[in-house]
Amino acid sequence: MDSVGRTIPKRFLSLVLLFLALILFAAAPRYASPYHIIQLTSIFMYIVLTVSWAVFSGPTQYMSLASAAFFGIGIYISAILGKVLFLPVVIGLGGLISFLLALLVGLSSLRLRGMYFTIFTFGLSELIRHFVLWWEVNETGTVGRWVVGVNPKVVYYVMLIIVLMTLAAAYIIKRSKFGLALRSIGESEEAADHIGINVNAVKIITFAISTFFMGAAGAIMATRWTYIDPSIAFNPLFSFMPVLMAIFGGIGHIYGQILGAAVLTLLADVLLTKFPYYYMLLYGIILVSVIVFLPQGVIGLEGKVKGLWKGELAK
Amino acid sequence: MDVTLLLDMVIGGLIMGGLYALIAVGLSLQYGVARVLNVSHGEFIMLGAFATYSLYTLFGINPLLSLVISGPLVLMIGFVIHMTLFQRLRSSSKSMAAFEGNSLLAAFGLLFIIQNAALLVYGPDIKGYSYLDNTVNLFEALFAANRLVALLFAVVIGVTFYLFLVRTRLGKGIRAAAQDMNTAQLMGVNIRRVLGLCFGLGALMAGIAGSLMSMIFEITPQMGLPYTIIAIIAVVLGGLGNILGSLVGGLILGLIGNIVMYIHPGLSLIAYYILFLLLLLVKPTGILGK
């Protein structure tokens, strides 16, 4: 931990930086092309997924692979209710229902540790995907659904607001006693229990809060895609990518997670336009390389290239 | 319920169960022993299936004979992948938990690489060929001959592998490594080679199952993931790290899937998941676990 005297000016600096970035992004639709606005929206989406994934899974070391489930639920809420309800209500509901489902999942999977938890969450999101697919085929008769489209600029601003909310929540949780409790769970769950932390409550509440943002992001993203089906909405990529992005950037730092999400989303975009046929193959190679060569993330390189980052980004 | 329907269900279930058992044993070797939760397991099934398909349609090689070519091929691929990629991760990860997480993510990348390489070569269309598809009458219940042959092969390979595991020195090494990697190493087991071999053998089991499946089902480069998930479920059912348990787990899943198919087609995968989630919640050590 840094001493108080050192952290204040740095915190002030990062606040100024954040404020400048905010102005830049808020004004973006005035000067950026529609293509770049859509690109930025995708980056924001992955920032939300990555940061909210890391809020729970980062400090506790419980690797959740259920992001796709909560994101997809937001998407389906939007598809079902988008025609009858107001956009902010739909987004709020997308988050809320994800939150409630996560409470349920958290309560039922308390006993599972380590890999069992990971397998459970992966199985859960695949179960939901297949169930929705089965439901659509047998009950509604069609696999896909149309979503009421929304102006890309509106989508952009809504996503920006969700990003800010996610970052604020992540920062507050990290800095509070709650965050400390999460970290001690990650280091030793038994010890955390013995020093009086209500381990179960802390885990479940954090998990549920983190999924709120995934659901909300899904609800607004659906309006941009306009056509959705279960394999789009519950694509396992949405579970795995946030994990890889967080690792790529550096799991322990919020700015690392943002960096990872931004760089990998842009990379996917470039590959898709430059090599449309080999894009997925190249992306797979990049994913493996990230794990092999950067297990500590780009931020982990900090130690090796000291001084380069220090002044502006370290908090 | 008349006897024919019962026979239909049981033998049909055993056919699927036999194939699932092979796949599950493969994943059990990779996860139970080598500690790699290989989500690209299904891609090796796909590789085996396409190898057999190519050998049959291009060179007219008998699908059952082609196992002799496709088997060693996937075994080598698996062995090399473990020796290069996963060994490296094993030495760079700080703890076993970190290694399990990292190797799961690397396997997800592998899934992408193998699946998309196959897509580039074969295209996204559904492929298939007919081999031994005349029907055989077993006490009034009808089965395609290729399904029965697949069952026979699955049983023979399963038993052979069991004997290898129980009777040979290398099999003993594998069982020792499954129980405790470090102690096994202290007792003189060459752990690098055994783990690499386990991963390769796991790929081999998947490849053989894929070759047998290509006689029965249509194949596509994207066919793998559902089988991976079935394998994960079967392995958890038998207990993580319990190689013989996963054999039983695979058989049970095949039977259950076949019964659910009669009640409502399309629901079998959902039935697996529900069974799986319940099992994880109630008895995560598996049905044979302590």
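Residues numbered from 1 in each chain as written. Chains lettered and ligands numbered in written order. Predicted model: local features only at pLDDT ≥ 70, side-chain atom pairs only at ≥ 80, totals over all residues.

## Here's the deal with the overall build of chain B
Here is step 1: The helix and strand inventory of chain B stands at 11 helices and 2 strands.
Here is step 2: Starting at the N terminus, the α and β elements of chain B follow one another as α-α-α-α-β-β-α-α-α-α-α-α-α.
Here is step 3: Over its C-alpha atoms chain B spans a radius of gyration of 19 Å, differing by no more than 12% from the 19 Å that the globule rule assigns to 290 residues.
Here is step 4: Each of the three principal axes of chain B carries a C-alpha extent, and together these read 55 × 45 × 35 Å.
Here is step 5: Split into buried and exposed, the 290 residues of chain B put 51% on the buried side. (Helix = DSSP H or I, 4+ residues; strand = E, 2+ residues; numbered from the N terminus. Rg over C-alpha atoms; globule rule 2.2 N^0.38 Å. Buried ≥ 20, exposed ≤ 12 C-beta atoms within 10 Å, placed from the backbone.)

## Brief notes about the overall build of chain A
Here is step 1: When helices and strands are tallied, chain A shows 16 helices and 2 strands.
Here is step 2: Its C-alpha atoms give chain A a radius of gyration of 20 Å, near enough to 20 Å, the size a compact globule of 315 residues would have.
Here is step 3: Counting across all 315 residues of chain A, residues that qualify as buried make up 43%.
Here is step 4: Restricting the contact set of chain A to residue pairs at least 6 apart, pairs at least 24 apart contribute 79%. (Contact = placed C-beta atoms within 7 Å.)

## Section: the packing of helix α13 (residues 254-274) of chain A against helix α14 (residues 279-293) of chain A
All names here are of chain A.
Here is step 1: It is the contact of α13 with α14, at a shortest axis distance of 9 Å, that shows an interaxial angle of 145 degrees. The way α13 lies across α14 gives a crossing that is right-handed. The segment α13 lies against α14, with L267, A268, L271 and L272 engaging Y279, L282, Y283 and I286.
Here is step 2: Across the contact of α13 with α14, the residue classes tally to 8 nonpolar, no polar and no charged. (Axes fitted to C-alpha atoms, helices over the stretch in contact; angles between N-to-C directions. Left-handed = near helix turned anticlockwise from the far one by under 90°. Nonpolar A, V, L, I, M, F, W, Y, C, P; charged D, E, K, R; others polar.)

## Examining the interface of chain A and chain B
Accessible area lost during the coming together of the parts is what is often quoted as the interface size.
Here is step 1: In this assembly, 31 residues from chain A lie in contact with 33 residues from chain B.
Here is step 2: Mapped onto the side of chain A that touches chain B, the elements with two or more residues apiece are α6 (114-140), α12 (237-249) and α14 of chain A.
Here is step 3: Per-element tally for the side of chain A that touches chain B: the top contributor is α6 of chain A, with 13 residues.
Here is step 4: Residues of the side of chain A that touches chain B, tallied by class, amount to 23 nonpolar, 7 polar and 1 charged.

## Notes on the nonpolar core
Here is step 1: The biggest cluster of nonpolar side chains holds 179 residues, and the ones touching the most others in it are V48, A217 and L244 of chain A together with I23 of chain B.
Here is step 2: Broken down by element, this core gets its largest block of residues, 15 residues, from helix α8 (residues 191-216) of chain B.
Here is step 3: In terms of nonpolar packing, the next biggest core, distinct from the first, is built from 5 residues, A181, L182, I185 and A192 of chain A among them. (Core = buried A, V, L, I, M, F, W, Y, C linked by C-beta atoms within 7 Å.)

## Description of α12 of chain A
Owing to its 3.6 residues per turn, the α-helix aligns residues three or four sequence positions apart on the same side.
Residue and element names in this part refer to chain A.
Here is step 1: An ideal rise of 1.5 Å per residue puts 18 Å on 13 residues; α12 measures up with 18 Å between its terminal C-alpha atoms.
Here is step 2: Of all 13 residues that make up α12, 12 are buried, and the element is covered over most of its length.
Here is step 3: All of the buried residues along α12 are F238, S239, F240, M241, P242, V243, L244, M245, A246, I247, F248 and G249.
Here is step 4: G250 occupies a position one or two residues after α12 and carries a positive phi of about 130 degrees. (Expected span 1.5 Å × (residues − 1).)

## Topic: unusual backbone geometry
Here is step 1: One non-glycine residue, T226 of chain A, adopts positive backbone phi at about 60 degrees.
Here is step 2: Topologically, T226 of chain A is positioned in the loop between α10 (199-225) and β2 (227-228).

## Things to note about the environment of L133 of chain A
Residues and elements named next belong to chain A.
Here is step 1: Tracing the backbone shows L133 in helix α6.
Here is step 2: Since 18 C-beta atoms lie within 10 Å of it, L133 is described here as partly exposed.
Here is step 3: Between the C-alpha atom of L133 and that of G144, which follows or precedes it by 11 residues, the distance is 9.0 Å.
Here is step 4: Among all residues touching L133, those that are not within four sequence positions of it are V143 and P230.

## Re helix α6 (residues 169-179) of chain B
Residue and element names in this part refer to chain B.
Here is step 1: Every buried residue belonging to α6 is among G173, I174, A177 and A178, and all of these are buried. All buried residues of α6 project into a common sector of 140 degrees when viewed along the axis, lining one side. Exposed residues lying more than 90 degrees from the buried face of α6 are R169 and Q179.
Here is step 2: Summarising the contacts, the buried residues of α6 are in contact with α1 (3-33), α5 (145-167), α7 (181-186), α8 and α10 (243-263). (Arc of directions from axis to C-beta.)

## A look at the domain arrangement of chain A
Residues and elements named next belong to chain A.
Here is step 1: Partitioning chain A into domains gives domain 1 (1-31) and domain 2 (32-248).
Here is step 2: One C-alpha centre belongs to domain 1, the other to domain 2; they are set 26 Å apart.
Here is step 3: With 4 residues of domain 1 at the interface, the matching set in domain 2 holds 6 residues.
Here is step 4: It is helix α2 (residues 28-31) that provides the largest number of residues to the side of domain 1 that touches domain 2, a total of 3 residues.
Here is step 5: The residue inventory of the side of domain 1 that touches domain 2, partitioned by class, reads 4 nonpolar, no polar and no charged. (Domains from an automatic or database assignment.)

## What to know about the confidence of the model for chain B
All names here are of chain B.
Here is step 1: When pLDDT is averaged along chain B, the result is 87; 98% of the residues meet or exceed 70.
Here is step 2: Mean pLDDT in chain B bottoms out at strand β1 (residues 135-138), which sits at 73, and peaks at helix α2 (residues 41-59), which reaches 94.
Here is step 3: Interface confidence in the predicted complex, given as ipTM, is 0.82; pTM for the same model is 0.86. (pLDDT = per-residue confidence, 0-100.)

## As for the packing of helix α4 (residues 67-81) of chain A against helix α5 (residues 87-108) of chain A
Packed helices, taken two at a time, are described by their axes: the angle between them and the distance between them.
Residues and elements named next belong to chain A.
Here is step 1: Two numbers describe how α4 lies on α5: the axes approach to 9 Å, and their chain directions differ by 140 degrees. Comparing the axis directions of α4 and α5 gives the class oblique. Crossing geometry of α4 relative to α5 is assigned as right-handed. Taking contact as the criterion, the partners of F70, I73, G74, I77, S78 and L81 in α4 are, on α5, V90, L93, G94, G95, I97, S98, L101 and A102.
Here is step 2: Across the contact of α4 with α5, the residue classes break down as 9 nonpolar, 5 polar and no charged. (Parallel < 35°, antiparallel > 145°, perpendicular 65-115°, else oblique.)

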